[in-house]
There are 2 protein chains.
Amino acid sequence: MKKLINSAESLVADALRGLSAAHPGLRVDAENRIVFRAAGPRPGKVGLVSGGGSGHEPLHAGFVGYGMLDAACPGEIFTSPVPDQVVEAGTAVDGGAGVLHIVKNYTGDVLNFRMAAELAAEEGVTVESVLVDDDVAVRDSVHTAGRRGTGATLFVEKIAGALAETGAPLAEVARVAREVNERSRSFGVALSACTVPATGAPSFDLGEAEVELGVGIHGEPGRTRAAMRSARELVAVAVDAVCADMPVSGDVLVMLNGMGATPLVELYAAFAEAAGQLEGRGARVARSLVGNYVTSLDMQGFSVTVCRLSEELTRLWDAPVETPALRWGR
Amino acid sequence: MKKLINSAESLVADALRGLSAAHPGLRVDAENRIVFRAAGPRPGKVGLVSGGGSGHEPLHAGFVGYGMLDAACPGEIFTSPVPDQVVEAGTAVDGGAGVLHIVKNYTGDVLNFRMAAELAAEEGVTVESVLVDDDVAVRDSVHTAGRRGTGATLFVEKIAGALAETGAPLAEVARVAREVNERSRSFGVALSACTVPATGAPSFDLGEAEVELGVGIHGEPGRTRAAMRSARELVAVAVDAVCADMPVSGDVLVMLNGMGATPLVELYAAFAEAAGQLEGRGARVARSLVGNYVTSLDMQGFSVTVCRLSEELTRLWDAPVETPALRWGR
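The shown structure was predicted, so the numbers you read here are calculated from the model rather than taken from an experiment.

A. Main features of the domain arrangement of chain A. Residues and elements named next belong to chain A. By domain assignment, chain A separates into domain 1 (11-183) and domain 2 (185-310). Centre-to-centre separation of domain 1 and domain 2, based on C-alpha positions: 23 Å. Each partner contributes residues to the interface: domain 1 has 30 residues there, and domain 2 has 35 residues. Carbon and sulfur atoms make up 63% of the surface buried where domain 1 meets domain 2, a total of about 2600 Å² over both sides.

Spelled out as structure tokens, the structure:
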């Protein structure tokens, strides 16, 4: 294992120093490990807080900024943030209109965000939570009760963030966040495992001619081990799995997401297949994202996330956003 | 070797289909393999054309758009585009003010862009060329006479593109492009080789505890093979090499670029080191980019590119840009 790190122990702190140096629009609380918008909370605006294990960058800290998150709480690599982090973030971003927690459905995250919500309530901060569980690959797994939360997290953060910017009340922001999750499904495929710096070994063994279908973003097992095949066929497995769970038609937002170590030229080739296959099923790919957005360290592979758009969701997706990793229209 | 492709032969064409489907602001000429701005040439504006082998995405096609390139000509993986492609691109984007070729210093690219410039002249298109040769690692190599062109290509394309948008004449746009190149230096480090799909084998062998210092973006050899070490020490090798060639002081623009397969969390940690070391030498990191911008397929590693800013260059760097891979201020 070769990693571009000083040590496994210092990696998250070192990366936060880099994030702070690179992005003047962010304020990094190094002690509490929270990434804020530098501008601070806006009175009357719902504050959006997300977080989770590190190793999925740019998720979540790369999505802090105008039109998206107010704060992100990174844990250690693939490890939930602690409740104190989340409480601190929530009290700091509360502009009087309450706080929305956006939580990926992993047991550790669910428990720690729930405890944080209770502690925040004691300090007078109103918290609503939305759970993201878009991954159709497996139901119940080593990390999760129910479905895992993966690519749709970005959609929820972007669209709820846009609505919050308009001054909408907490209940409305929570409603649209839940609606995005309900309208979204994901499926991932690994061509290689990822290696967590602290363990130094691949998260699973995969043969030279094998792939993992339905892999999770921590290298959790998927549905099945299968033979390597063409991009067209691998994408078809993902698109079929998504559409079997949620029939698609009308306008859709599609993310062809890289797991971290797959070249962009390959991701665009795979997106061409995904778009063609979805249109062959009668959907219209109205909006899209291609690139590394919800990653799994150095894993090779991809995931497909599809969201069935409505007029409201399309308008909120198109609204201006200004974060390190997602920026348009402003 | 596992690649997310249909075939090595179709990869570039498949990726162009994906690029076209993902970005309505681009127009892809699939037959001639050229990526244009959908809006077409603007009368009186200098047209910027770049290109080179594929495998370095988002360079160059990801930098086509307002404030940057007018057209990009991708060759096969790590293979120069042919002169006909470049001629076709140049005649199509010429708005009457001439065309600037931005060429990375590799023998194939230099010869083919030169021939294209001669052919375009016969068709009445005025062409100026700027050669990018920022890589301080080696002088003369298997692919190049003189220094290789790497990360500074992005700086040249962005800053010359911003000046062209103001309606500046060709000579002025060429002058600023050359100035950016002269003020920029790069150095790369590989933790792993890359694998070209058509060959299926790593471009070089690297031991479990070895790195290649001064590597090129096609996996060309660097200065030396050395023992693996910490991010701080690897970054120091790169920063020392850059500063030995070009003393830095005052405001600098720094790119901490990933080679394609290094996780973003590690790139941010490395950027923290680079920024600290450059400031320790008396420079001020006034602007920065952290991420995968000038890649080498699935290579693990990074490069550091430093540009000594002037007031003019800073203003042009900050000017609005709207491309798939670089977007701000508009």
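B. Local environment of the interface of chain B and chain A. Contacts between the two partners involve 53 residues from chain B and, on the opposite side, 53 residues from chain A. Buried area between chain B and chain A, summed over both chains or domains, comes out near 4500 Å², and the portion from carbon and sulfur atoms is 60%. At the boundary of chain B with chain A, the tally comes to four salt bridges. A salt bridge links Glu273 of chain B to Arg17 of chain A; its shortest N-O distance comes to 3.0 Å. Scanning the region where chain B abuts chain A turns up 23 residue pairs in polar contact (both at pLDDT 80 or more). Elements with a contribution of two residues or more to the side of chain B that touches chain A: helix 1 (11-22), helix 6 (231-245), helix 7 (264-280), strand 11 (283-291) and strand 14 (327-328) of chain B.

C. The UniProt feature "domain: DhaK" (unreviewed entry) in chain A, seen in detail. Under the feature "domain: DhaK" (unreviewed entry), the UniProt entry names residues 7-328 of chain A. Along residues 7-328 of chain A one finds 33% helix and 25% strand; the C-alpha atoms at either end are 35 Å apart.

D. Molecular detail of a negative patch on the surface. Residue and element names in this part refer to chain A. A cluster of like negative charges, contributed by Glu31, Asp84, Glu88, Glu118, Glu122 and Glu123, occupies part of the molecular surface. When contributions to the negative patch are tallied by element, the ones reaching two or more residues are helix 2 (83-93) and helix 3 (107-122). Secondary-structure assignment places Glu88 in helix 2. Among the residues examined, Glu88 registers a relative accessible area of 35% and is labelled partly exposed.

E. Main features of the relation of the copies chain B and chain A. Mapping chain B onto chain A is achieved by rotating through 180° and translating by 0.0 Å along the same axis, at an RMSD of 0.0 Å. Overall, the copies show the geometry of a two-fold rotation axis. Among all C-alpha atoms of chain B, that of Ala261 of chain B lies closest to the rotation axis, at 1.9 Å. An overlap of 100% is found between the interface residues of chain B and their copies at the interface of chain A, pointing to a shared contact surface.

F. Local environment of the packing of aromatic side chains. Under the defined criterion, the tally for this structure stands at four aromatic pairs over all chains. With a centroid separation of 5.3 Å and 55° between ring planes, the pair formed by Trp317 of chain A and Trp328 of chain A is classed as tilted. In this pair, Trp317 of chain A is assigned in helix 8 (residues 311-318) and Trp328 of chain A in strand 14 (residues 327-328), connecting sequence segments eleven residues apart. Given the relative accessible area of 3%, Trp317 of chain A is considered buried. Seen from their ring centres, Phe155 of chain B and Trp317 of chain B are 5.5 Å apart, and the 80° between their planes marks the pair as edge-to-face. Of the two residues, Phe155 of chain B is situated in helix 4 (residues 152-165) and Trp317 of chain B in helix 8 (residues 311-318); the sequence distance between them amounts to 162 residues. Three or more aromatic residues joined by ring pairs form one cluster here, namely Phe155, Trp317 and Trp328 of chain A.

G. Layout of the pattern of salt bridges. According to the stated counting rule, one finds 48 salt bridges over all chains in the structure shown. Between Lys3 of chain A and Glu266 of chain B there is a salt bridge whose closest N-O contact spans 3.9 Å. With Lys3 of chain A in the segment before helix 1 (11-22) and Glu266 of chain B in helix 7, this residue pair bridges two chains. Put simply, Arg147 of chain A and Asp245 of chain A hold a salt bridge, and the shortest N to O gap is 3.1 Å. Within this pair, whereas Arg147 of chain A is found in the loop between strand 6 (127-132) and helix 4 (152-165), its partner Asp245 of chain A is found in helix 6 (residues 231-245), the two being separated by 98 residues in sequence. Relative accessible area serves as the criterion here: at 33%, Asp245 of chain A is assigned to the partly exposed category.

The rules behind each value
- The written sequence of each chain sets the order in which its residues are numbered from 1.
- Each chain is given a letter, starting from A, and each ligand a number, starting from 1, according to the order in which they appear as written.
- Local features in a predicted model are, by the rule used here, given only for residues with pLDDT of at least 70; side-chain atom pairs are given and counted only at 80 or more, and totals for whole chains, interfaces and linings are based on all residues.
- With hydrogens and water stripped out, all remaining heavy atoms of the structure feed into the side-chain values.
- Where each domain starts and ends comes from a domain assignment, either automatic or drawn from a database.
- Pairs of residues are marked as contacts when any of their non-hydrogen atoms sit within 4.5 Å.
- The term buried area means the drop in 1.4 Å probe accessible area that two parts suffer when joined, counted for both and summed.
- Salt bridge criterion: a side-chain nitrogen from Lys or Arg within 4 Å of a carboxyl oxygen from Asp or Glu.
- Polar contacts, as counted here, are pairs of nitrogen or oxygen atoms within 3.5 Å of one another; within protein the pair requires one atom able to donate a hydrogen and one able to accept it, and residues that are adjacent in sequence qualify only if both atoms are side-chain atoms.
- Here a helix means four or more residues in a row that DSSP labels H or I, a strand means two or more in a row labelled E, and each is numbered from the N terminus.
- UniProt positions are given in the numbering used here, feature names are shortened, and annotations may be inferred rather than shown by experiment.
- The residues that make up patches have over 30% relative accessible area and no salt bridge, and they are joined within 9 Å when like-charged or within 5 Å when they are Val, Leu, Ile, Met, Phe, Trp or Tyr.
- Calculation of accessible area relied on Shrake-Rupley with a 1.4 Å probe; when residues are assessed, cover is drawn exclusively from the protein chains displayed.
- Charge counting follows a simple rule: Lys and Arg are positive, Asp and Glu are negative, and His as well as the terminal groups are ignored.
- Lysine's charge is taken at NZ, arginine's at CZ, aspartate's at CG and glutamate's at CD.
- Only protein chains enter the accessibility calculation, which uses a 1.4 Å probe; a residue is then buried when its area is under 20% of its type maximum, exposed when over 50%, and partly exposed in between.
- A residue counts toward the fit only if its pLDDT is at least 70 in both copies, and the copies are then superposed by least squares on the C-alpha atoms of those residues.
- Centres within 6.5 Å make a pair out of two Phe, Tyr or Trp rings, where for Trp the six-membered ring is used; the pair is then stacked when the planes are under 30 degrees apart, edge-to-face when over 60, and tilted otherwise.

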